[in-house]
Amino acid sequence: MELPWVVGGDFNVIMDEDEKIGGLPVYPPEYEKFAACVNSCGLFEVGFKGSPFTWWNSIANSECIFKRLDRVFVNLPFQNLFSTTEIEHLIRTGSDHAPLLMSCGEETIIKNALSHWSKFTYGDIFKQLAIREDIVRVNEILFEDEPTIENRVILQKTQAELKQYLSIKEKFWKQKAGMSWFAEGDRNTKFFHNHVNGKRQKLQLRRIQNGDGVWIESQDLMSNVAVDLFQR
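Presented here is an overview of the structure given in this document. (Residues numbered from 1 in each chain as written. Predicted model: local features only at pLDDT ≥ 70, side-chain atom pairs only at ≥ 80, totals over all residues. Heavy atoms only, no water.)

## Some remarks on the overall build of the protein
Next, step 1: Along the protein, the regular secondary structure elements total 7 helices and 11 strands.
Next, step 2: When the 232 residues of the protein are sorted by exposure, 27% land in the buried category.
Next, step 3: Intrachain contacts of the protein at a sequence separation of at least 6 include 61% that bridge at least 24 residues.
Next, step 4: Approximately 15,800 Å² of the protein is accessible, and the part contributed by carbon and sulfur atoms is 55%. (Helix = DSSP H or I, 4+ residues; strand = E, 2+ residues; numbered from the N terminus. Buried < 20%, exposed > 50% of the residue type's maximum accessible area, 1.4 Å probe, protein only. Contact = heavy atoms within 4.5 Å. Areas by Shrake-Rupley, 256 points an atom, 1.4 Å probe, with all protein chains shown as cover.)

Listed below in structure tokens is the structure:
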């Protein structure tokens with residue numbers, strides 16, 4: 001395919017045994033045909049962030065099943081046009097499938113720096129956060145079904161871990177906001193120009209006091225008073 005292609009959605013099939021938790025065993029023939037079809041079309045995935053599973057059977061006990069059924073494929077012409085394409089698995093709300101967010105923005109130094117900082121300081125923040133949100137949901141259902149002290153302790157522990165990562169995420173965005181402001185002020189001429197003009201407005205002289213202690217607001221008179229003061 002010479003034209004850029006992007007193909008995404010719910011394919012209702014996994015591509016590897018690691019993309020499923022729970023349920024009956026998965027055998028390679030079940031997904032090898034799908035993988036062969038994808039390869040024959042010259043398609044591939046660009047990676048993702050968020051929970052590794054996009055579907056849940058909404059059961060919290062031993063019958064709980066997680067799968068990665070939703071994904072996005074692109075071809076080489078598309079990747080050449082949008083080299084920084086990212087896929088994010090968002091939180092499931094109102095559906096047993098997680099929505100996928102596709103971003104095709106330009107790569108920036110700030111983004112790379114923040115990604116490096118996030119990965120080596122805290123790991124993949126968004127992936128860890130999404131996983132813990134899933135765990136909390138499952139434990140909430142478990143506690144609703146069996147409101148025992150043990151299940152409550154487990155739920156509270158997972159909620160505490162989720163709050164910890166929410167705090168890390170907040171710090172991440174605070175730092176990103178600060179770095180973005182710095183980068184715009186340093187590189188964006190229009191931004192810098194407007195910022196300087198704003199300072200000029202604040203520093204603009206609107207009145208001056210003459211030698212007799214009288215405040216002068218007329219621009220012409222202010223000029224005369226200023227010259228007179230400097231000549232003394």
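Still more ground to cover, so stick around.
## What to know about the nonpolar core
Next, step 1: Judged by nonpolar contacts, Val13, Ile14, Val26, Tyr31, Phe34, Val38, Leu43, Trp55, Ile65, Leu69 and Phe73 together constitute the single largest core of 11 residues.
Next, step 2: In terms of residue count, helix H1 (residues 29–40) provides more of this core than any other element does, 3 residues in total.
Next, step 3: Aside from chain neighbours lying at most four places away, what touches Phe73 is Trp5, Val6, Val7, Phe11, Met15, Phe34, Val38, Leu43, Phe44 and Glu45.
Next, step 4: Counting residues in hydrophobic clusters, the runner-up holds 7 residues, among them Ile125, Val136, Leu162 and Tyr165. (Core = buried A, V, L, I, M, F, W, Y, C linked by side-chain atoms within 4.5 Å.)

## A few points about the sheet that holds strand E6 (residues 66–67)
Next, step 1: Overall, antiparallel pairing links the 3 strands, which are arranged E2-E6-E5 in an open sheet. Edge positions in the open sheet fall to strand E2 (20–21) and strand E5 (55–56), since each of these has one partner strand only.
Next, step 2: Bridge count between E2 and E6: 2 bridges; the pairing is antiparallel. Bridge pairing links Ile21 to Phe66 in E6. (Pairing = 2+ DSSP bridges.)

## Considerations on H1
Next, step 1: The end-to-end C-alpha distance of H1, which contains 12 residues, comes to 17 Å, matching closely the 16 Å that a straight helix rising 1.5 Å per residue would cover.
Next, step 2: Looking at the buried side of H1, the elements it contacts are strand E7 (70–74).
Next, step 3: Looking one or two residues past H1, Gly42 carries a phi angle of roughly 70 degrees, positive in sign. (Expected span 1.5 Å × (residues − 1).)

## Here we look at the side chain of Lys20
Next, step 1: One can find Lys20 in strand E2.
Next, step 2: This buried residue, Lys20, is left without a salt bridge; Glu30 holds the nearest opposite charge, at 6.4 Å.
Next, step 3: With sequence-adjacent residues up to four places away left out, Lys20 is seen in contact with Ile14, Val26, Phe53, Ile65, Phe66 and Lys67. (Lys, Arg positive; Asp, Glu negative; His and termini not counted. Salt bridge = Lys/Arg side-chain N within 4 Å of Asp/Glu carboxyl O.)

## Topic: the state of the cysteines
Next, step 1: One pass over the structure, following the stated rule, counts 0 disulfides.
Next, step 2: No disulfide involves Cys37; its sulfur sits 4.6 Å from the nearest other cysteine sulfur, which is in Cys41. (Disulfide = S-S within 2.5 Å.)

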